[in-house]
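Next come the chains, spelled out residue by residue.
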Amino acid sequence: MKGRVGKGRRRWWTIPSRAESPYRPCRQPNLRSERLHKTHPDYAALNPIAREVSSRLGRRGAKRTFAECVLHAVDFVLDASATGRTEIDELDRVEKTFIGLKVEHFIRDMLDVSPGARDLRIGDTDVDIKNTIRRSRAWMIPYETYSRDEPVLLIASDAKARRSSMGLMIARPEYLGAPNRDQKRPVLAASQAHILWIVQDMPWPASRWEGIDMVRFRELRAMIEKGEDRAAAFFREHLERPTHRSVVMALLHDQYDPMKRLRGNGGARDQLSADGIALLSNRYGGKLVKELGRSIDKDEFIAIVARNPDEAEALRSAGKIV
């Protein structure tokens, strides 16, 4: 198929499959093209491209969703494991531009298309791709695109609302505002009526960082040197909360073998067990987690405290608590 880089090889920017995805599942996007009527002068040019994009999303959507693609690009730049940052507002202006570059890479890979004269070659058409994380949706269109009335794939994301949209527009000069010193021109707010939307307001998957006090998280990283002690302190403060492996990796960012700090034989699991807290995962105790009426996804951990004598006995019999 188009866009592959040699048999059996993956691009370094390939987004994770559903099985590898660090995000909780979300509903699939509505893939119907909307808002642009067939009588619109741009419809004939945009509709074949939209149909091809929708087809590719539909074929691969079960494994790689559009929303996960955008969120993966955001998380790539935030790099929580190294920096402890989880919000776009924590990025500087230059870093925010990197999000657009990663979105471009991940969207290209998601659609399984190659670059052409522009960012994407969709069918027989070269298509530029532009991304914005501003609520104003102020996409900036370069001269080489609007000077030829070329199509653009527009990605709009709202980090506060945690939603993303994707649509197509012909970059006509009359749809754009005044140029800046680089001759790039913004899409006018009124010109959004000329966009053929493919995916609208697709919710991002639930944040794996939701409910975590990041000030306290950074304190734990800085104040507790030993990884097993740091992990034990974190899970004592987050009882019954499913915690993804990536959060643990960020917490133990300076440890040679982070996952070892959670195990028995002197790790956090032994410390917590002595306090009547069972640290379980799908791999180590997944069946027991279900029997106790809790739910965790693949690659998640949970610190469980018995709610009644029966649960305490079940945990003790399984050797999970002392």
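Counting restarts for each chain, with residues numbered from 1 along the sequence as it is written. Residues qualify for local features only when their pLDDT is at least 70, as the model is predicted, and side-chain atom pairs are given and counted only at 80 or more; totals for whole chains, interfaces and linings, by contrast, use all residues. Neither water nor hydrogens contribute to the side-chain values; these are computed over all heavy atoms in the structure.

1. A word on the side chain of S164
By definition, any uninterrupted DSSP run of H or I lasting at least four residues is a helix, any uninterrupted run of E lasting at least two residues is a strand, and each is numbered from the N terminus. Relative to the helices and strands, S164 resides in strand β5 (residues 163-170). By definition, residues are in contact when any of their heavy atoms lie within 4.5 Å. When neighbours within four sequence positions are excluded, S164 is seen to be in contact with F66, V70, A156, S157, Q200, D201, M202 and W204.

2. Considerations on the sheet that holds strand β1 (residues 120-122)
Pairing between strands is defined by DSSP: at least two bridges between the two strands are required. With mixed pairing, the five strands of this open sheet are ordered in space as β1-β2-β4-β5-β7. Looking at which strands have only one partner, the edges of the open sheet turn out to be β1 and β7 (196-203). Between one strand axis and the next, the sheet turns through 25 degrees on average, direction left out of account. Interaxial angles span 0 to 180 degrees and are taken between N-to-C directions of axes, which are lines fitted to C-alpha atoms, for helices over the stretch in contact.

3. Some points on the sheet that holds strand β8 (residues 243-244)
Pairing within the open sheet is antiparallel, and its three strands lie in the order β8-β10-β9. Strands with a single pairing partner mark the edges of an open sheet, and in this sheet they are β8 and β9 (277-281). Here β8 pairs with strand β10 (residues 300-305) via two bridges, running antiparallel. The residue bridging T243 from the neighbouring strand is F301, located in β10.

4. Considerations on helix α2 (residues 66-78)
In a regular helix each residue adds 1.5 Å, so 13 residues correspond to 18 Å; α2 covers 19 Å between its end C-alpha atoms and thus fits that length. Exposure classes here rest on a 1.4 Å probe applied to the protein chains alone. A residue is buried below 20% of its type maximum, exposed above 50%, and partly exposed in between. The buried fraction of α2 is high, at eleven of 13 residues. Taken together, the buried positions of α2 are F66, A67, E68, C69, V70, L71, H72, A73, V74, V77 and L78. Immediately beyond the C-terminal end of α2, within one or two residues, lies D79, with a positive phi of roughly 50 degrees. For a helix, the expected span equals 1.5 Å multiplied by the residue count minus one.

5. Thoughts on unusual backbone geometry
At D112, a residue that is not glycine, the phi angle is positive and equals roughly 60 degrees. Assignment of secondary structure puts D112 in the loop between α4 (93-111) and β1. Given a relative accessible area of 2%, D112 falls into the buried group. Even without a glycine there, the phi angle at D201 is positive, about 50 degrees.

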